[in-house]
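Architecture at a glance
For reference, the chains in residue letters:
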Amino acid sequence: MPTDRVDQEPMTPYQYPNPREALPEIVVPHAIPQDERVWVPQAENVSFRPLCLNVSQGYWMNLLRVRKSGVLSRHRHPQAVHGFVLKGRWKYLEHDWEATEGSYVFEPPGETHTLYVPEDVPEMITYFQVNGVMYYTDPWGNGIGYEDVFTKIDMCRKHYAAVGLGADFTDQFIR
């Protein structure tokens with residue numbers, strides 16, 4: 001921090017341009033959307049709301065909404081995942097903890113787990129940052145599918161075109 005200047009006006013914004021190569025910020029009003037069409041269906045009673053789809057670093061940030069109980073998916077992550085529960089609760093069958101409203105969850109690279117939403121939870125919404133890929137497996141670790149930022153973009157484009165928002169509605173989330 002330079003000591004030769006004293007900021008006389010604390011409310012004076014930064015006076016220099018940002019790097020020309022810097023990506024624009026994303027501000028998402030109503031992250032939990034008021035328009036139901038913004039939720040992208042992923043499976044029956046499972047949808048996501050994109051917030052940031054970062055193609056240059058291979059991660060995505062979204063809200064996952066589940067409106068059913070039971071096992072959602074079994075999957076493995078080669079990179080870390082971060083989650084914050086906004087509504088409802090869920091757990092992994094492989095652990096004895098439960099993620100409840102207000103909980104932060106760190107999922108370490110290499111772990112395989114089975115997401116389960118309890119019977120008495122009508123709706124679960126969790127904010128996730130997923131780095132890399134979600135690799136879906138059977139109980140013995142055999143691969144049965146995957147998702148990455150590019151499959152998420154494809155899902156968004158198809159859904160938004162189908163519901164009248166236009167495929168390019170997705171572009172606002174891509175960095």
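Before reading on, note that the structure itself is shown above.
Within any chain, residue numbers begin from 1 and follow the written order of that chain's sequence. Selection of residues for local features in this predicted model requires a pLDDT of at least 70, selection of side-chain atom pairs for listing and counting requires 80 or more, and totals for whole chains, interfaces and linings are taken over all residues. The basis for every side-chain value is the complete set of heavy atoms in the structure, and neither hydrogens nor water enter the calculation.

1. Side note on the sheet that holds strand E10 (residues 124-131)
Spelled out, the test is: Pairing between two strands requires that DSSP report at least two bridges joining them. Numbering of helices and strands starts at the N terminus; helices are DSSP runs of H or I of at least 4 residues and strands are runs of E of at least 2. Lines fitted to the C-alpha atoms define the axes, with helices restricted to the stretch that makes contact. Angles between their N-to-C directions range from 0 to 180 degrees. Residue contacts follow a heavy-atom distance rule, with two residues in contact if any of their heavy atoms lie within 4.5 Å.
In space, the 6 strands of this open sheet follow the order E1-E2-E3-E10-E5-E8, with antiparallel pairing throughout. The sheet is open, and its two borders are formed by strand E1 (40-43) and strand E8 (104-107), each paired with just one other strand. On average, each strand axis in the sheet is tilted by 30 degrees relative to the strand beside it, whichever way the strands run. On top of the sheet, helix H1 (residues 149-162) reaches E1, strand E2 (46-54) and strand E3 (59-66); it is set at about 115 degrees to E2, its chief contact.

2. Topic: the pairing of strand E5 (residues 81-87)
By the bridge criterion, 4 bridges tie E5 to E8 in an arrangement that is antiparallel. Looking across to E8, one finds that Gly83 is bridged to Val105. As paired strands, E5 and E10 are joined by 6 bridges and run antiparallel to one another. Opposite Phe84, over in E10, you have Tyr127 as the bridge partner.

3. A closer look at the layout of surface pockets
Note the cut-off: In this analysis a 1.4 Å probe is tested at points of a 1 Å grid over the protein atoms alone, and where it fits but cannot get out there is a cavity; an open set with protein on both sides within 12 Å along at least five of seven lines is a pocket; lining residues have an atom within 4 Å of a point. Grid points are joined across faces, edges and corners, and a volume is the space filled by probe spheres set on the points. Ten residues, namely Ala, Val, Leu, Ile, Met, Phe, Trp, Tyr, Cys and Pro, are considered nonpolar, four, namely Asp, Glu, Lys and Arg, are considered charged, and the remaining ones, Gly among them, are considered polar.
What the second largest pocket holds in volume is close to 250 Å³. The wall of the second largest pocket is formed by 21 residues, among which Gln42, Leu64, Leu72, Met134 and Tyr136 lie closest to the centre. Among the elements of the structure, E1, E2, E3, strand E4 (70-76), E10 and strand E11 (134-137) are those that each provide at least two residues to the lining of the second largest pocket. Taken together, the residues that form the lining of the second largest pocket break down as 13 nonpolar, 5 polar and 3 charged.

4. Section: the environment of Arg65
How we decide: Relative accessibility under 20% of the residue-type maximum defines a buried residue, over 50% an exposed one, and the middle range a partly exposed one, all with a 1.4 Å probe and only protein chains included.
With respect to the secondary-structure elements, Arg65 resides in strand E3. Its relative accessible area of 7% is what places Arg65 among the buried residues. Sequence-wise, Arg65 and Leu86 are 21 residues apart; in three dimensions their C-alpha atoms are separated by 9.9 Å. In this structure Arg65 touches Glu36, Trp39, Asn45, Val46, Ser47, Glu123, Met124 and Ile125, once residues within four positions along its chain are discounted.

Just geometry here; none of it tells us what the structure is for.
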